[in-house]
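Read off the chains here:
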Amino acid sequence: MVFLVVLGLAVAGMVYYHLNTDSPFDGEAFFGPKERPAETAPQSQNNRP
């Protein structure tokens, strides 16, 4: 019974760690630079008729 409790705590700790850390596969070092959307030209603030 003690073994199951210890095993459950270990699994719970690993799940908590997995959910609260960033994935290394999202890094640019693994897949290269991410594509960024093209910047749009700034809109004119001149609202006079």
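All of these numbers come straight from a predicted model, not from anything done at the bench.

## A short note on the overall build of the protein chain
Thought 1: Secondary structure assignment for the protein chain yields two helices and zero strands.
Thought 2: Taken across its 49 residues, the protein chain has 0% of its residues classed as buried.

## Let's talk about a nonpolar patch on the surface
Thought 1: Together, Met1, Phe3, Leu4, Leu7, Val11, Met14, Val15 and Leu19 make up a nonpolar patch on the protein surface, roughly 920 Å² of accessible area in all.
Thought 2: With respect to the element layout, leucine 7 can be found in helix α1 (residues 2-19).
Thought 3: Using a relative accessible area of 42% as the deciding quantity, one classes leucine 7 as partly exposed.

## Things to note about α1
Thought 1: Look at α1: 26 Å from first C-alpha to last across 18 residues, which is about the 26 Å you get at 1.5 Å a residue.
Thought 2: Burial runs low along α1: only zero of the 18 residues are buried.

Scoring rules and cut-offs
- Residues numbered from 1 in each chain as written.
- Predicted model: local features only at pLDDT ≥ 70, side-chain atom pairs only at ≥ 80, totals over all residues.
- Heavy atoms only, no water.
- Helix = DSSP H or I, 4+ residues; strand = E, 2+ residues; numbered from the N terminus.
- Buried < 20%, exposed > 50% of the residue type's maximum accessible area, 1.4 Å probe, protein only.
- Patch = residues over 30% accessible without salt bridge, like charges linked within 9 Å, V, L, I, M, F, W, Y side chains within 5 Å.
- Areas by Shrake-Rupley, 256 points an atom, 1.4 Å probe, with all protein chains shown as cover.
- Salt bridge = Lys/Arg side-chain N within 4 Å of Asp/Glu carboxyl O.
- Expected span 1.5 Å × (residues − 1).

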